[in-house]
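The residues making up each chain are set out below.
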Amino acid sequence: MRQANSPMKNFYITTPIYYVNDRPHIGHSYTTIAADVHARYNRLQGAPVLFSAGTDEHGQKVALSAQAQGMEPQEFVDDVVSFFKQMWQRLHISYDRFIRTTDPNHMATVQQVFSQLRESDDIYLGEYEGWYCVPCETYLSEAELTDGCCPECGRQVEQVTEQAYFFRTSAYADRLIEHIETHPQFIQPKTRRNEVLSFIKEGLRDACVSRNRTEWDIPVPDDESQSIYVWFDALINYLSQVGYPDELDEFNKWWPPQIQLLGKDILTRFHATLWPAMLMALDLPIPEMLFAHGWWITDTGDKISKSKGNMLDPYEVSQELAEISGATTAVAVDSLRYFLLREVTFGLDGSFSWRTLLSRFNADLANDLGNLLNRTLPLVERYLNGVIPEPGPGAGELRDEIERARTQIEQEMAQSNFSAALTAIWKLLASANKFLDTRSPWALHRESKQVELEAVLYDVLDCIRVVAIMIEPFMPKVSDEIWQQLGLQSAQIEKYWEDCCALKLPSDISVAPGRPIFPRVDIKRAMDRLRADSEEQPEPAAADMIGIDEFEQVELCVGIIVAAHRIPGADKLLRLIVDVGESDTRQIVAGIAQQFNPRELLEVQVVVVANLEPATIHGVESHGMILAAGADEPEALVITDSKCPPGTIIR
Ligand code: MSP
């Protein structure tokens, strides 16, 4: 790593650790992409960076999800974690460390912190009486419920009365208020700070930090009856990630984090009160900034989440965009990264729509950025034999624009204002495009003004180089591609922020134009295609899914048809007598008379729904149902291997 002139401060940035009951979706990806942009931006500056990602693997919610899949929790979490890691790799996320709350080191740290706080009397044993929301893993008082449900997710809560350990959050209320008021940067954006302050000023209750012993969670040290509350466990990840409490050198190198990114859902209760209060109790410095961004919602205003059944898989969106546009998947991923951070001011909610994604793709990426490259490189090939010229006298006309953009980006990035930082880059692109038009290299060539021609093309190429550096945090693969097309890959592999100034482009290098990075999309055709796709293959809404528990309510078993008769007056029905084992036979009415001859059904081994309520069909009592394949009409019976005797359970 190149050393900056003055040593840069270490930069520790964290994302929330996500629950592994859920596959990663666009919401998780948003926070993680934003953190990636900060991490990459700081690396460009030459700062040592620790970008932490991870997964929250304990808690009732995860245990229940594992159970629903019929898996052991450990097996289940190992599976889901691999999806998170794969997604981060696909989205070009450059995390440095990945923490799992099931890591033995982390679990030991959580127990150590718990013991330490119990010894200092910051944690005490008491009695909890109130409500608990399992999906949010949150304790709630009666007054906090909305219509008897969780105020955050709107779902049913369960009543809890149990002995539990409490953390004295209330004892830190005054210090928290003082810290927030004297550190205006601590809670961002500003509007969130006021929300947090009023929450604390309304009066903090001590936080319940244990639950009755569960198999899956971290046990409370020296008390077998209790497990550590999943949020207490999860928040400590930020400490164990950097070696707390044993690896002091490592810890001191990184602590406290410069930025902790999270969604607004987990700011007030957890990151802005419980978390800093825990740090105060441990006598540790408070993170410099908590930035709570808004939610991605759908056109109908719903938060994108598993529970709403409207999850968007960012990689699937990218693949679709790649197919629609003809861009590579890596470029499409970067385009989605760009869209997410450009479209919405960080901190506010944003609604995802394909139309706005495609409009941005065409206007900003294909036109402004792509075209500048696609116009300039052929001019270099045509007029300069494809070789980057010397800057020569007169070059540097875009210098002021570049400097302005650079200063603006630095200011915006300090505020996590990604959209405004990107706007500054696009302003520079607009200036470069305009410069190319007004200085018309083609006219200079016609007039044989070679020196001027070289200066103009040098300036535009140099500006493209600068833009490739500026966009690197947002679109790392696009940046590489531009760099490559400029022919710089072999000349200068590493990019640094300090190189974002004019006239640093090396000369005498052959440009290497490739196919357009962002092929333009025909938006109308693309929207028709997307509409047709979604009509053809309606996504199963999660609300229509059943859990394993519901499935298990259906009792299936092997049955042998021992008799089959037509039912007078009902030309579709057959009356079957089915042997279901243990000398039990059932009479079942089946709508298969038009497809099957009663005689050919004798001795056929079928699948019987054994616990279906009896019904009278066409005057005949039916006790169960046999399974057949076919959407409207039965086309084939579902049969079983003859090795299974009648009555064998099917699951
Ligand atoms: N496990 C806790 C966090 C513990 S951190 C010590 C948790 N996990 S979560 O899986 O529910 O993730 C919540 C976070 O995911 C939000 O804070 C946000 O960062 C991100 N998002 C999830 N859905 C989102 C949207 N629809 N929109 C934007 N971000 C959202 O809470």
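Conventions adopted
Residues numbered from 1 in each chain as written. Predicted model: local features only at pLDDT ≥ 70, side-chain atom pairs only at ≥ 80, totals over all residues. Heavy atoms only, no water. Phe/Tyr/Trp six-rings, centres within 6.5 Å; stacked < 30°, edge-to-face > 60°. Helix = DSSP H or I, 4+ residues; strand = E, 2+ residues; numbered from the N terminus. Buried < 20%, exposed > 50% of the residue type's maximum accessible area, 1.4 Å probe, protein only. Axes fitted to C-alpha atoms, helices over the stretch in contact; angles between N-to-C directions. Parallel < 35°, antiparallel > 145°, perpendicular 65-115°, else oblique. Contact = heavy atoms within 4.5 Å. Nonpolar A, V, L, I, M, F, W, Y, C, P; charged D, E, K, R; others polar. 1 Å grid on protein atoms, 1.4 Å probe; cavity = no way out; pocket = protein on both sides within 12 Å on 5 of 7 lines; lining within 4 Å. Points joined across faces, edges and corners; volume = space filled by probe spheres on them. Pairing = 2+ DSSP bridges. Expected span 1.5 Å × (residues − 1). Arc of directions from axis to C-beta. Domains from an automatic or database assignment.

### With respect to the packing of aromatic side chains
Aromatic ring pairs: the centre-centre distance and the angle between the two ring planes describe each pair. One pass over the full model with this rule turns up 29 aromatic pairs. With a centroid separation of 5.6 Å and 80° between ring planes, the pair formed by Phe114 and Phe232 is classed as edge-to-face. Of the two residues, Phe114 sits in helix H4 (residues 104-119) while Phe232 sits in helix H7 (residues 230-235), which places them 118 residues apart along the sequence. Relative accessible area serves as the criterion here: at 0%, Phe114 is assigned to the buried category. Note on Phe232: relative accessible area 0%, which makes it buried. With a centroid separation of 6.4 Å and 70° between ring planes, the pair formed by Tyr132 and Tyr229 is classed as edge-to-face. Separated by 97 residues along the polypeptide, Tyr132 in strand S5 (residues 123-133) and Tyr229 in the loop between strand S11 (226-228) and H7 bring together distant segments of the chain.

### Focus: the packing of helix H12 (residues 329-343) against helix H18 (residues 476-485)
Packed helices, taken two at a time, are described by their axes: the angle between them and the distance between them. Following both chains from N to C, one finds H12 and H18 inclined at 125°, their axes separated by 7 Å at the closest point. With respect to H18, the axis of H12 lies oblique. In this structure, H12 contributes Ala330, Val331, Asp334 and Arg337 to the contact, and H18 contributes Pro476, Lys477 and Val478. Residues belonging to the contact of H12 with H18 are distributed by class as follows: four nonpolar, no polar and three charged.

### Some remarks on the layout of surface pockets
Considering only enclosed or pocket space, the second largest pocket measures out at about 410 Å³ in volume. Around the second largest pocket sit 20 residues that line it, and Tyr139, Glu144, Phe199, Arg205 and Arg269 are the ones nearest its centre. Here the lining of the second largest pocket takes four residues from helix H10 (residues 267-282), the largest share from any one element. Tallied by class, residues from the lining of the second largest pocket come to ten nonpolar, five polar and five charged.

### Describing the sheet that holds S5
Across the sheet, which stays open at both edges, the four strands sit in the order S6-S5-S7-S9 with antiparallel pairing between neighbours. Here the strands that pair on one side only, and so sit at the sheet edges, are strand S6 (138-140) and strand S9 (207-208). In the sheet, strand S7 (residues 158-167) pairs with S9 via two bridges, with the strands oriented antiparallel. Of the residues in S9, the one forming a bridge with Phe167 is Ala207.

### Concerning helix H14 (residues 399-414)
Every α-helix winds through 3.6 residues per turn, so residues three or four apart in the chain are directed the same way. Look at H14: 23 Å from first C-alpha to last across 16 residues, which is about the 22 Å you get at 1.5 Å a residue. The set of residues buried in H14 consists of Ile402, Ala405, Arg406, Ile409, Glu412 and Met413. The arc enclosing the buried residues of H14, seen along the axis, measures out at 135°, which places them on a common side. Projecting away from the buried face of H14 at angles above 90 degrees are the exposed residues Asp400 and Arg404. Packing partners of the buried residues in H14 comprise helix H1 (26-44), helix H15 (418-439) and helix H17 (450-470). In the segment just after H14, Ser416 is the residue with positive phi, at about 55°.

### Considering the domain arrangement of the chain
Taken as a whole, the chain is organised into domain 1 (11-297), domain 2 (351-499) and domain 3 (548-650). The C-alpha-based centres of domain 1 and domain 3 are spaced at 52 Å.

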